[in-house]
Amino acid sequence: MNPGDLLDRKNDHLEIVLDPTRAISQGRTGFSQWRFEHCALPELDLEAIDLSTTFLGKPLKAPVLISSMTGGAVRAQDINLNLAEAAQHLGVAMAVGSQRVALQTGFDHGLTRALRQRAPDIVLLGNLGGAQLRTPQGLDLARRAVDMIEADGLIIHLNPLQEAVQPGGDTDWRGTVDAIAQAALQLEVPLVIKEVGSGLSAAVASQLAQAGAACLDIAGLGGTHWAAVEAERATTPAQRAIAAAFSNWGVPTAEALQAVRQRLPHMPLIASGGISNGVDMAKAIALGADIVGQAAAVLEAATQSPAAVIEHFQIALRQLQIACFCTSSANLAQLRQVPLVREVASL
C-alpha cells in the first residue's frame, strides 16, 4: 500500500469513529449481565480509597490505560500530545496508535520523543501490527517503534478481521506467532499483545503466553468494531456487504476477560472494548483485569485539550471510587475479591 493510501485510511478511520451518527457495532460487552451486591454499611472513608497499582513495574495512580487511538491521521499530533499531557497529570498509562505510517512513510504525526517530554513519568507503549511484525523487517520496525517514542513496552496488535475485510489488507498471517516469540526474546522491552475489538479467546491467549507475551489486552466486542468501520469506508456495495456481515463478530469483553483470567491466572491483563464508565471499570477489575483501557470513549475529548481528557477520566475514576466504596473495597486488591452476581435472563 502506498503512503498516500495509508494516510487516507487513517484519516477515514478517525472521522468515522468520531462521528456519532455512523453505526459502529451493535455488539455488547457483556458487563450488563453482571452486578455488584450493594454494601449499605461500607465502614470506609470514600476519600481514602486507594486506586493506585503498578503496571510493567511502574506505579500508576489509577488502573487506567489510555488505549491506542490514532496512528497516522492528520490530527494525530495534537491528539497524542493532549493525551500525553493528561496521562502525566493523572498518573496513568498511555498507548499510542499504530506506528506503521510513521515508520513506513516518515510522516510521524507527533509520534516522536516529544510525547516522552510531555509525559516523562508515565508508562508509555509503542504499537505495531502483527502483520508488520511477521515481515522480514519486522524486528527492525519493532525496535524503531520503541526508540522513536522512548517506549516502556511495545503493543503488538492483532487485527486479522479488519485486514480481511478492507481492500488491500494484509491477509497472510503465517508465522505471526513465531515472530512474536522472536520479538519477545530479542526486544529490550516487554510485549503487550492485544486484539482490536473482537476479543482474545482463552486458546489464543495461551498461545501468546507461551510465545513470551508479558501482558495481554483482551480488547473484546462491545466498543469500536473495525469490521463495522470498514463497512462505513467501503466504496462499493460488495465491499460494504462483506464487511458489514462481521460487524458483530467477536467475543464480548466480559466473556473474554473471564475466560482468559481462568486460563491464565497469573498473566497481567488489560480489559478494553466498550468500557464506558467507572462502573464498567470496577466490573472488569472484579472479573480479573489488572488495569482497564479506554480509547473511543475519550477520543472526542482528546481532540479538544489535555484538560478535557483529564475531566473525562476524573469522572470515570470518581465512579470507580464510588463503586469501591459501595462494595466495601478500600483498594483494588479488595475489589478483586468482591463477588459479582450474574443476572438471570428473563424468558
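Bear in mind the structure is a predicted one, so any value in this text is a computation, not a measurement.

*Asks:* Hey, could you run me through the pairing of strand β6 (residues 124-129) in this one?
*Replies:* Counting buried positions along β6 gives 6 out of 6 residues, so the element sits mostly inside the fold. The alternating pattern of β6 places L124, G126 and L128 and L125, N127 and G129 on opposite faces, both of which are buried. As paired strands, strand β5 (residues 93-95) and β6 are joined by 2 bridges and run parallel to one another. Pairing of M94 across the sheet is with L124, part of β6. In terms of strand pairing, β6 meets strand β7 (residues 153-158) through 5 bridges, oriented parallel. Looking at β7, one finds that L125 is bridged to G153.

*Asks:* Whenever I open this one, the UniProt feature "binding site: FMN" (unreviewed entry) in the protein chain confuses me. Can you help?
*Replies:* Mapped onto this structure's residue numbering, the UniProt feature "binding site: FMN" (unreviewed entry) falls at S67, S68, M69, T70, S98, N127, K194, T224, A295 and A296. Counting through the fold element by element, M69 comes out in the loop between β4 (64-66) and α2 (76-90). M69 gets classed as buried once you look at its relative accessible area, which sits at 17%. When residues no more than four places from it in sequence are discounted, the contact partners of M69 are L83, G97, Q294, A295, V298 and L299. Take N127: it is sitting in strand β6.

*Asks:* What should I look at first to understand the sheet that holds β7 in this one?
*Replies:* Within a sheet, each strand pairs with its neighbour through backbone hydrogen bonds, oriented either parallel or antiparallel. With parallel pairing, 8 strands are arranged side by side around a closed barrel as β4-β5-β6-β7-β8-β9-β10-β11. Going across the sheet, the axis of each strand differs from the next one's by a mean of 25°, ignoring polarity.

*Asks:* Would you explain the UniProt feature "binding site: Mg(2+)" (unreviewed entry) in the protein chain in this entry?
*Replies:* The UniProt entry lists E163 under the feature "binding site: Mg(2+)" (unreviewed entry), expressed in the numbering used here. Inspection of the secondary structure puts E163 in helix α7 (residues 160-165). Overall, E163 belongs to the buried group, its relative accessible area being 4%. If we ignore the near neighbours within four places in the chain, the residues touching E163 are G169, D170, T171 and W173.

*Asks:* Would you explain α2 in this entry?
*Replies:* Every α-helical turn comprises 3.6 residues, leaving residues that sit three or four positions apart pointing alike. Taking 1.5 Å as the rise per residue, α2 with 15 residues should run 21 Å; its terminal C-alpha atoms sit 21 Å apart, in good agreement. Among all positions in α2, only A76, I79, N80, L81, N82, L83, A84, A86, A87 and L90 are buried. Of the residues trailing α2, G91 is marked for its positive phi of about 75°.

*Asks:* Help me understand the packing of helix α8 (residues 176-186) against helix α9 (residues 202-211) in this model?
*Replies:* Axis angle and axis distance: for two packed helices, these are the angle between their axes and the distance between the axes, and together they describe the pair. Running from amino to carboxyl end, α8 crosses α9 at an angle of 40°, the nearest separation of the two axes being 8 Å. Residues V177, I180, A181 and A184 of α8 form the contact with α9, whose own contacting residues are Q207, L208 and A211. Looking at the contact of α8 with α9 residue by residue, the classes come out as 6 nonpolar, 1 polar and no charged.

*Asks:* Would you mind going over the side chain of S98 with me for this structure?
*Replies:* Among the secondary structure elements, S98 is positioned in the loop between β5 and α3 (100-105). Since its relative accessible area comes to 8%, S98 is described here as buried. At 3.2 Å, the side chain of S98 forms a polar contact with the backbone nitrogen of R100.

*Asks:* Before we go on, may I ask you to explain the state of the cysteines in this structure?
*Replies:* Disulfides are covalent bonds that connect the sulfur atoms of two cysteines. Summed over the entire model, instances satisfying the criterion amount to 0 disulfides. The structure places no disulfide on C326, whose sulfur is separated from the nearest cysteine sulfur, that of C39, by 8.0 Å.

*Asks:* Mind showing me how you'd approach α9 here?
*Replies:* Those residues of α9 lying buried are A202, A205, S206, L208 and A211. Its buried side turned inward, α9 meets β7, α8, β8 (191-195), β9 (215-217) and α12 (253-263). A positive phi of about 110° marks G212, the residue just after α9.

*Asks:* Is there a simple way to think about the nonpolar core in this case?
*Replies:* As a rule of thumb, nonpolar side chains are buried together in soluble globular proteins. Of all hydrophobic cores here, the largest spans 89 residues; its most connected members are M94, L154, I156, I180, I193, L216 and L320. Top element by residues in this core is helix α15 (residues 306-325). It accounts for 9 residues. One finds F55, A93, V123 and L125 within the second-largest nonpolar core, a separate group that totals 12 residues.

*Asks:* Honestly, the pattern of salt bridges in this entry has me stumped. Any pointers?
*Replies:* For the structure shown, the criterion picks out 14 salt bridges. The salt bridge partner of R113 is D147, with a shortest N-O separation of 2.7 Å. Residue R113 is located in the loop between α3 and α4 (114-118), and its partner D147 is located in helix α6 (residues 138-149); the two are separated by 34 residues in the primary sequence. Assessed through its relative accessible area of 37%, R113 is described here as partly exposed. With a relative accessible area of 45%, D147 lands in the partly exposed category. Through salt bridges with shared partners, a single ionic network connects K58, R116 and D152.

*Asks:* Honestly, unusual backbone geometry in this entry has me stumped. Any pointers?
*Replies:* With the exception of glycine, most residues fall at negative phi, and the peptide bonds are largely trans. Even without being glycine, L56 reaches a positive phi, approximately 50°. Within the secondary structure, L56 sits in the loop between β2 (53-55) and β3 (58-60). Among the residues examined, L56 registers a relative accessible area of 30% and is labelled partly exposed. One non-glycine residue, S328, adopts positive backbone phi at about 55°.

Reading guide: rules and limits
- Residues numbered from 1 in each chain as written.
- Predicted model: local features only at pLDDT ≥ 70, side-chain atom pairs only at ≥ 80, totals over all residues.
- Heavy atoms only, no water.
- Buried < 20%, exposed > 50% of the residue type's maximum accessible area, 1.4 Å probe, protein only.
- Helix = DSSP H or I, 4+ residues; strand = E, 2+ residues; numbered from the N terminus.
- Pairing = 2+ DSSP bridges.
- UniProt positions renumbered as here; feature names shortened; annotations may be inferred.
- Contact = heavy atoms within 4.5 Å.
- Axes fitted to C-alpha atoms, helices over the stretch in contact; angles between N-to-C directions.
- Expected span 1.5 Å × (residues − 1).
- Nonpolar A, V, L, I, M, F, W, Y, C, P; charged D, E, K, R; others polar.
- Polar contact = N/O pair within 3.5 Å; in protein donor to acceptor, adjacent residues only side chain to side chain.
- Disulfide = S-S within 2.5 Å.
- Core = buried A, V, L, I, M, F, W, Y, C linked by side-chain atoms within 4.5 Å.
- Salt bridge = Lys/Arg side-chain N within 4 Å of Asp/Glu carboxyl O.

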